[in-house]
Amino acid sequence: VAFGFSHTALVFFDCTRLGDGRFYADVDYGFECFGTQWMRMLPLAIVGVGAYVVLTPAVITRALRTHRAQLFSDPLVHARYGALYKVYRTQFATTAPLLQLLRRLLVVLAGVFLSSLQTIQVAALAVVFLTAAYLLSWFRPYYAPHLNDLETRLTFVALATLLIGYIFFAARLPSAAWETAFEVAALMLLCSCVALIAVGAWGEAQAAVARRHATRSNVPFPDLAFEVLQSELASSIADVAPENVPRLLRAVERALHSRHPDSADSADSADLRSDAASFHATVASGSSSELELAPLVLARSSSLSASSAGAGLSSASASG
């Protein structure tokens, strides 16, 4: 919404010099820039740019940076600012929302101020879309895996639509058959975009129903992050050399205890260390079954993490 208003404010400053030597607004060549009416509206446009282009990102940045240590532990902070970051993984909670705002701002700026330089405009937008797709596929910032896949695909659909539109604009197609082919391709891209949005909406609806059912039945909702990590470990553990598996277990334990230091002396932590010791003994004996213990240790780590996180949230709620 904010960048919809920012587009409206920035369009005011998008002026083109015509043959008579005067500047006119690109959206309306009947409106002269720097004229009397334009000068009367200038203060309002400056306020709009300041509020929606500068102030809004600044306020969001300050809120996320100020409360970055309580984003997932303080119920009050989560209730107030959760809409900004709750769909992202913990490590990207303060950066991903700002990068999203930056991407939208770059799209608006390219669309407004490069409208008369179509080739440069398309190139700039293509760079923005390709960079966004690369970052999404590499870092996968969303907590729900299907959201990463959905946004990546939609970004490529937007890029393909942009390129087809540029071909329609810049190229002189040799025949009507070519024009028909490109029109069909554009229509297929539009249909695929709608289908992807529908799939994403269906996935979100299923997740919402599952959360509601879990809440009513007092059943713990599945930890998507744990399931993804366990799946990745189960599929990749066969490629790890047997002598390096104990190091992997120790790394898991250190990472867990660094995030939840209060759980270091718990019974589950002792069981985790016991599993690691069993790993050492199994590797030393030369058995090939040591790989089967990795999901067990990770499952133990998950229960330990969940109990520690639950205790922290409960104490935060009590203090609130």
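Residues numbered from 1 in each chain as written. Predicted model: local features only at pLDDT ≥ 70, side-chain atom pairs only at ≥ 80, totals over all residues. Heavy atoms only, no water.

Colleague: Can you help me understand a nonpolar patch on the surface in this one?
Modeller: Among the surface-exposed residues, Phe 13, Ile 46, Leu 99, Leu 102, Leu 106, Leu 109, Phe 113, Tyr 134, Leu 135, Trp 138 and Phe 139 lie close enough to one another that they form a single nonpolar patch of about 1,000 Å² accessible area. For the nonpolar patch, the elements supplying multiple residues, two or more each, are helix H4 (96-113) and helix H5 (118-139). Among the elements that make up the nonpolar patch, the one with the highest residue count is H4 (5 residues). Classification of Leu 106 as partly exposed rests on a relative accessible area of 37%. (Patch = residues over 30% accessible without salt bridge, like charges linked within 9 Å, V, L, I, M, F, W, Y side chains within 5 Å. Areas by Shrake-Rupley, 256 points an atom, 1.4 Å probe, with all protein chains shown as cover. Salt bridge = Lys/Arg side-chain N within 4 Å of Asp/Glu carboxyl O. Helix = DSSP H or I, 4+ residues; strand = E, 2+ residues; numbered from the N terminus. Buried < 20%, exposed > 50% of the residue type's maximum accessible area, 1.4 Å probe, protein only.)

Colleague: I tried to follow the pairing of strand E3 (residues 28-32) on my own but got confused; where do I start?
Modeller: Within a regular beta strand, the side chains point alternately toward one face of the sheet and then the other, so they alternate between its two faces. As paired elements, strand E2 (residues 23-25) and E3 share 2 bridges and run antiparallel to each other. Within E3, the residue paired with Tyr 24 across the bridge is Glu 32. Between the end of E2 and the start of E3, which pair antiparallel, lie 2 residues. (Pairing = 2+ DSSP bridges.)

Colleague: Is there a simple way to think about the state of the cysteines in this case?
Modeller: Between two cysteines, a covalent bond joining their sulfur atoms is known as a disulfide. Scanning the model with the defined rule gives 1 disulfide in all. Through a disulfide, Cys 15 is tied to Cys 33; the S-S separation comes to 2.0 Å. Across the S-S bond of Cys 15 and Cys 33 the torsion is about -90°, and the bridge reads as left-handed. Of this pair, Cys 15 sits in strand E1 (residues 15-17) while Cys 33 sits in the loop between E3 and helix H2 (36-66); the two residues are 18 residues apart in sequence, bridging distant segments of the chain. (Disulfide = S-S within 2.5 Å.)

Colleague: Even after reading the chapter, I still don't get the packing of H4 against H5, so can you show me in this structure?
Modeller: The relative placement of two packed helices comes down to the angle between their axes together with the axis-to-axis distance. Where H4 contacts H5, the two axes come as close as 9 Å, and the packing angle between them is 170°. In terms of orientation, H4 lies roughly antiparallel with respect to H5. Residues Arg 103, Leu 106, Val 107, Ala 110 and Gly 111 of H4 pack against Gln 121, Ala 124, Leu 125, Val 128, Phe 129 and Ala 132 of H5. (Axes fitted to C-alpha atoms, helices over the stretch in contact; angles between N-to-C directions. Parallel < 35°, antiparallel > 145°, perpendicular 65-115°, else oblique. Contact = heavy atoms within 4.5 Å.)

Colleague: Teacher, can you tell me more about the packing of aromatic side chains here?
Modeller: In this description, a pair of aromatic rings is defined by centroid distance and the angle of the planes. If you walk through the whole model with that rule in mind, you get 10 aromatic pairs. Ring geometry for Phe 72 against Tyr 85: centres 5.3 Å apart, planes inclined by 80°, an arrangement best described as edge-to-face. Residue Phe 72 is located in the loop between H2 and helix H3 (75-85), and its partner Tyr 85 is located in helix H3; the two are separated by 13 residues in the primary sequence. In this structure Tyr 85 comes out as buried when scored by relative accessible area, which is 0%. Each member of the aromatic cluster is reached from another via a ring pair, and the members are Phe 12, Phe 13, Phe 23, Phe 31, Phe 34 and Trp 38. (Phe/Tyr/Trp six-rings, centres within 6.5 Å; stacked < 30°, edge-to-face > 60°.)

Colleague: Would you mind showing me how to read the sheet that holds E3 here?
Modeller: Strand pairing in a sheet takes place through backbone hydrogen bonds and is either antiparallel or parallel in direction. Pairing within the open sheet is antiparallel, and its 3 strands lie in the order E1-E2-E3. Each edge of the open sheet carries a strand with a single partner, namely E1 and E3. Between one strand axis and the next, the sheet turns by 50° as a mean value, whatever way the strands run.

Colleague: In this structure, what is going on with the pattern of salt bridges? I would like to understand it.
Modeller: Side-chain pairing between opposite charges can occur once the charged atoms of the two side chains come close. Counted under the stated rule, the structure contains 3 salt bridges. Among the ionic pairs, Arg 103 bridges to Glu 151, the shortest N-O distance being 2.9 Å. In this pair, Arg 103 is assigned in helix H4 and Glu 151 in helix H6 (residues 145-170), connecting sequence segments 48 residues apart. With a relative accessible area of 14%, Glu 151 lands in the buried category.

Function-wise, these values are silent; they only describe arrangement.
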